[in-house]
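# Descriptive analysis of the structure
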Amino acid sequence: MSKYKIGYTCGVFDLFHVGHLNLLERCKEQCDYLIVGVCDDKYVRDIKHKEPVYDEKQRARILNALKVVDKAEIVTIEETDDKILAWNKFQFDVLFSGDDWKDSERYKKTEEQFKKLGASIEYLPYTKGISTSQIKENLSKNH
Ligand code: CTP
């Protein structure tokens, strides 16, 4: 038995890489059932101002094929921005987020709201030296 029953994390996960895998493995160590919210293409374009390399369906398919992921589902901009909406949909016991969000006003507020729902937030470390943006940059430099 893990610390939590249902865990949730969300992200874009474009050009799936080892930084993504490290995060998901750490999430799965702490929960029995891991749900991954896959930010939709509209989020990538409108909020991150980037063009996805793999579209939302492909990104969700790759995540669904991983043994550390129990369910991956595409989520909207609203569900990405407002974690209460994500909770309404998935009713998880814990939200896993990058530790860069710790102590931010936004997450302090979410922690308060989650307390009432009986849900926790666990902050996990970001893997240094690798990101989708960096992979894209390296590819464009080398070709
Ligand atoms: N992540 C991580 N370590 C990395 C890259 C990502 O822990 N080196 C985590 C993020 O904190 C997030 C999830 O993986 O919880 C999905 O991140 P995403 O934004 O899709 O990945 P990046 O590679 O950071 O993408 P980009 O460069 O476009 O920002």
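What you see is a predicted model; the values in this text were computed from it and never measured. (Residues numbered from 1 in each chain as written. Predicted model: local features only at pLDDT ≥ 70, side-chain atom pairs only at ≥ 80, totals over all residues. Heavy atoms only, no water.)

Attention shifts here to helix α6 (residues 105-117). Look at α6: 19 Å from first C-alpha to last across 13 residues, which is about the 18 Å you get at 1.5 Å a residue. Along α6, the residues classified as buried are Tyr 107, Thr 110 and Phe 114. Each buried residue of α6 sits inside an arc of 55° when the element is viewed along its axis, so together they form one side. Facing away from the buried surface of α6 by more than 90 degrees, the exposed residues are Glu 105, Lys 109, Lys 115 and Lys 116. The secondary structure elements touched by the buried residues of α6 are α5 (83-90), β4 (94-98) and β5 (120-124). (Helix = DSSP H or I, 4+ residues; strand = E, 2+ residues; numbered from the N terminus. Expected span 1.5 Å × (residues − 1). Buried < 20%, exposed > 50% of the residue type's maximum accessible area, 1.4 Å probe, protein only. Arc of directions from axis to C-beta. Contact = heavy atoms within 4.5 Å.)

Let's shift gears to the pairing of β4. Burial analysis of β4 places four of its five residues in the buried class, which makes it a mostly covered element. As paired strands, strand β1 (residues 4-11) and β4 are joined by two bridges and run parallel to one another. When the bridges of β4 are listed, Gly 7 appears paired with Val 94. The β-α-β motif built from β4, the intervening α6 and the parallel element β5 has right-handed crossover chirality. (Pairing = 2+ DSSP bridges. Right-handed = clockwise from strand over helix to strand, strands pointing away.)

In the vicinity of the ligand there are 15 residues, among which Phe 13, Thr 127, Ile 130, Thr 132 and Ser 133 approach most closely. The separation between an oxygen atom of the ligand and a polar main-chain atom of Phe 13 is 2.7 Å. One of the side-chain N or O atoms of Lys 48 is found 3.0 Å from an oxygen atom in the ligand. Notes on the ligand: free accessible area 570 Å², of which the protein chains cover 86%. Elements with a contribution of two residues or more to the shell around the ligand: α1 (18-29) and α7 (132-142). Looking at the shell around the ligand residue by residue, the classes come out as six nonpolar, seven polar and two charged. (Near = heavy atom within 4 Å. Polar contact = N/O pair within 3.5 Å; in protein donor to acceptor, adjacent residues only side chain to side chain. Areas by Shrake-Rupley, 256 points an atom, 1.4 Å probe, with all protein chains shown as cover. Nonpolar A, V, L, I, M, F, W, Y, C, P; charged D, E, K, R; others polar.)

For the structure on display, the rule yields ten salt bridges. The residue Glu 51 makes a salt bridge to Arg 45 at a minimum N-O spacing of 2.9 Å. Residues Glu 105 and Lys 108 are paired through a salt bridge, measuring 3.6 Å at the closest nitrogen-oxygen approach. Linking Glu 105 with Lys 108, this pair stays in helix α6, spanning three residues, or about one helical turn. Since its relative accessible area comes to 60%, Glu 105 is described here as exposed. (Salt bridge = Lys/Arg side-chain N within 4 Å of Asp/Glu carboxyl O.)

Packing of α5 against α6 brings their axes to within 10 Å, and their N-to-C directions diverge by 30°. On the basis of their axis angle, the class for α5 and α6 is roughly parallel. As α5 packs across α6, the resulting crossing turns out to be right-handed. Counted together, Lys 83, Ile 84 and Trp 87 of α5 and Arg 106, Tyr 107, Thr 110, Gln 113, Phe 114 and Leu 117 of α6 form the full contact between these two elements. Partitioning the contact of α5 with α6 into residue classes produces five nonpolar, two polar and two charged. (Axes fitted to C-alpha atoms, helices over the stretch in contact; angles between N-to-C directions. Parallel < 35°, antiparallel > 145°, perpendicular 65-115°, else oblique. Left-handed = near helix turned anticlockwise from the far one by under 90°.)

What is shown is where atoms sit, not what they do.
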